[in-house]
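An overview of the molecular structure
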Amino acid sequence: MNAMHQYLFDACRAARIGEPPPPAPGTHDVAVLRALRDRRRFERVLAGRPARGALRTALRRLPHPGTRRPAR
């Protein structure tokens, strides 16, 4: 059973007993991801690191696919 089946069962049960239906799966996904991003930014500020640009900085450290590493 997936999330949609469980939602349909819960919505049917709620309708039978006169309760409001539960929110559909995925309704709050964007809000959860936004809250997670904000929390991580807040933790970075508390740790004294820049709040923005962490992903771009990490990607900049990786070798570019078109370049070759020098032989050691």
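Residues numbered from 1 in each chain as written. Predicted model: local features only at pLDDT ≥ 70, side-chain atom pairs only at ≥ 80, totals over all residues. Heavy atoms only, no water.

Brief notes about the overall build of the chain
The helix and strand tally for the chain stands at three helices and zero strands. Counting only C-alpha atoms and orienting by the principal axes, one finds that the chain spans roughly 70 × 30 × 15 Å. A total of 72 residues make up the chain; the buried ones form 3% of that total. Element-wise, carbon and sulfur atoms account for 59% of the exposed surface of the chain, whose accessible area totals about 7,000 Å². For the chain, the separation between the mean place of its 16 positive charges and that of its 5 negative charges on side chains is 20 Å. (Helix = DSSP H or I, 4+ residues; strand = E, 2+ residues; numbered from the N terminus. Buried < 20%, exposed > 50% of the residue type's maximum accessible area, 1.4 Å probe, protein only. Areas by Shrake-Rupley, 256 points an atom, 1.4 Å probe, with all protein chains shown as cover. Lys, Arg positive; Asp, Glu negative; His and termini not counted. Charge placed at Lys NZ, Arg CZ, Asp CG, Glu CD.)

A look at a nonpolar patch on the surface
Together, L55, L59 and L62 make up a nonpolar patch on the protein surface, roughly 330 Å² of accessible area in all. Inspection of the secondary structure assignment puts L59 in helix α3 (residues 54-61). (Patch = residues over 30% accessible without salt bridge, like charges linked within 9 Å, V, L, I, M, F, W, Y side chains within 5 Å. Salt bridge = Lys/Arg side-chain N within 4 Å of Asp/Glu carboxyl O.)

Considerations on the pattern of salt bridges
Under the defined criterion, the tally for this structure stands at three salt bridges. Measuring nitrogen to oxygen at the nearest pair gives 3.4 Å for the salt bridge that ties D38 to R37.

Regarding helix α1 (residues 3-17)
Helix length check: α1 (15 residues) gives 21 Å between terminal C-alpha atoms against 21 Å at 1.5 Å per residue, within 8%. The opening residue of α1 is N2, an N-cap whose side-chain oxygen sits 3.1 Å from the backbone nitrogen of M4. Looking at the residues trailing α1, positive phi occurs at G18, about 85°. (Expected span 1.5 Å × (residues − 1). Polar contact = N/O pair within 3.5 Å; in protein donor to acceptor, adjacent residues only side chain to side chain.)

Let's talk about the confidence of the model for the chain
Taken over all residues, the pLDDT of the chain has a mean of 87, while the share at 70 or more is 93%. Per-residue pLDDT, averaged within each element of the chain, yields its smallest value for α3 (81) and its largest for α1 (94). (pLDDT = per-residue confidence, 0-100.)

Quick look at the environment of P50
Counting through the fold element by element, P50 comes out in the loop between α2 (29-46) and α3. Through-space distance from the C-alpha of P50 to that of F9 is 46 Å; in sequence the pair is 41 residues apart.

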